[in-house]
Amino acid sequence: MKLLVTGGAGYVGSHTVNALLTQGHEVVVLDNLSTGHKWALQDCELIDIDLRDEANLTKSLQGRGFEGVLHFAAKSLVGESKNHPAMYYQNNVGGTTNLVRAMQSAGIPRLVFSSTAAIFGNPVSDFIDEEHPKAPINVYGQTKLVVEHMLKAVCESSAFIATCLRYFNAAGANNEANLGEWHEPETHLIPNALRAAAGTGNPLTLFGDDYPTSDGTCVRDYIHVDDLASAHVAAIEQMDSSSGFNSFNLGNGNGYSVKEVIAACEKAVGADIPYTIGPRRDGDPATLVASSAKARNDLGWTPKHDSIDEIAQSAWNWECYRRDQLA
Ligand code: UDP
């Protein structure tokens, strides 16, 4: 298929571009490189446009023969979203609205949308399936949920097909393709822990140890970024056998506490990782673990890298590679 990938120079986007190219799809990346990286771009055309620029966006999609869009470009930090809510709504909701309108104008019917476990808020069950109540407790999650509502309405009023993929905690790296996570500033647990170990980042602070979990630290479902990428490939390839609006939760179904993740990072690095306990971070639910039964059944998707040790090791290999590149 000829596919447009917005945010294809970002973390999950670049791994998905790699997976799509491996499957023989033709890919064009749309990215304004505001948080994406030139080095993450692979052998495909780049359209350097901001999704907020509706006129240029509409023009750039016309007559290109795109059969579908995978939409990653977004602001995605919980803490930042609290401090800059209008910017989050403008980028995530406004940007996606512009994209859908441009797709309609160019006659592109298929969209795979990067959604998030943050749309659910505090869980009311041990495993979060697609029907779980949606009550986001942070602005980032709100913006993604508003987009899901918008896409559902668009699908109900036209022949548009949209699939929302709700990621739990994306982690790990593709060491063969030399791709991995690189945010500035970095806020995520695994790279922060690895950098603290290597002495290349800030000392690690653990955000709260008084949660109602086994060791008092937050529990998350860490999913390897290449497993997220393969779910995107399955979703776009299977769209014609479904119709309208669809959604899938993507995780391994295993919860790890922050302390358990730090232990996995210590194993990968081969050294202790010192940390201090700080206050809770606003907008963090105690536990988020996916039920991905629907994705496994309907997309035929199976995560291949579901061990937290393998995830941490691939992230550490990536950190070492990236540091060598920058040296
Ligand atoms: N976390 C932490 N210290 C850090 C970064 C994250 O204790 O420097 C915790 C955070 O509070 C959450 C978990 O690690 O409970 C995962 O956070 P991350 O930012 O990696 O992903 P998110 O859950 O926000 O998508």
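The structure under discussion appears in the preceding block.
Quick caveat, the model's predicted, so the values are computed rather than measured.

**Quick notes on the overall build of the chain**
From N to C terminus, the chain includes ten helices and 14 strands. Relative to a compact globule of 327 residues, whose C-alpha radius of gyration would be 20 Å, the chain shows 19 Å and is just as compact. For the C-alpha atoms alone, the extent of the chain along its principal axes is close to 55 × 45 × 40 Å. A buried classification covers 54% of the 327 residues belonging to the chain. By sequence separation, contacts in the chain at least 24 residues apart represent 77% of the contacts at least 6 residues apart. Within the structure as shown, the chain displays about 13500 Å² of accessible surface, and the carbon and sulfur contribution to it stands at 48%. Taking the average place of the 24 positive charges on the side chains of the chain and the average place of its 39 negative ones, the gap between the two points comes to 5 Å.

**So, the nonpolar core**
Core analysis: the largest hydrophobic core is formed by 31 residues, its most contacted members being L20 and L250. Only strand 1 (2-6), helix 1 (11-22), strand 2 (26-30), strand 6 (161-167), helix 7 (225-237), strand 11 (245-250) and helix 9 (293-299) provide two or more residues apiece to this core. The leading source of residues in this core is helix 7, at eight residues. Sequence-distant contacts of L250, defined by excluding residues within four places in its chain, comprise L165, R166, Y167, F168, I223, L228, A231, A290, S292, A295 and W301. The next biggest cluster of nonpolar side chains, apart from the first, holds 26 residues, and it includes I49, V69, V93 and V154.

**So, the side chain of H25**
Structurally, H25 is set in the loop between helix 1 and strand 2. In this structure the side chain of H25 is engaged in a polar contact, spanning 2.7 Å, whose partner is the side chain of E237. If we skip the residues at most four places from it in the chain, H25 touches M1, L3, L20 and E237.

**Describing the sheet that holds strand 12 (residues 256-257)**
Pairing in this open sheet of three strands is mixed, and the strands run 12-9-14 from one edge to the other. The open sheet has two edge strands with one neighbour each: strand 12 and strand 14 (287-288). Here strand 9 (residues 219-220) runs beside strand 12; their pairing, made up of two bridges, is antiparallel. Bridge pairing in strand 12 links R220 to Y256.

**Observations concerning the site of the ligand**
By nearness alone, 15 residues border the ligand, and L189, T205, F207, R281 and D284 come closest of all. The contact in question runs from an oxygen atom of the ligand to an N or O atom on the side chain of D284, over 2.6 Å. Considered on its own, the ligand offers 510 Å² of accessible surface; in the complex 89% of this is hidden by protein. The element contributing the most residues to the shell around the ligand is strand 8 (residues 204-207), with four residues.

Calculation criteria
- Residues numbered from 1 in each chain as written.
- Predicted model: local features only at pLDDT ≥ 70, side-chain atom pairs only at ≥ 80, totals over all residues.
- Heavy atoms only, no water.
- Helix = DSSP H or I, 4+ residues; strand = E, 2+ residues; numbered from the N terminus.
- Rg over C-alpha atoms; globule rule 2.2 N^0.38 Å.
- Buried < 20%, exposed > 50% of the residue type's maximum accessible area, 1.4 Å probe, protein only.
- Contact = heavy atoms within 4.5 Å.
- Areas by Shrake-Rupley, 256 points an atom, 1.4 Å probe, with all protein chains shown as cover.
- Lys, Arg positive; Asp, Glu negative; His and termini not counted.
- Charge placed at Lys NZ, Arg CZ, Asp CG, Glu CD.
- Core = buried A, V, L, I, M, F, W, Y, C linked by side-chain atoms within 4.5 Å.
- Polar contact = N/O pair within 3.5 Å; in protein donor to acceptor, adjacent residues only side chain to side chain.
- Pairing = 2+ DSSP bridges.
- Near = heavy atom within 4 Å.

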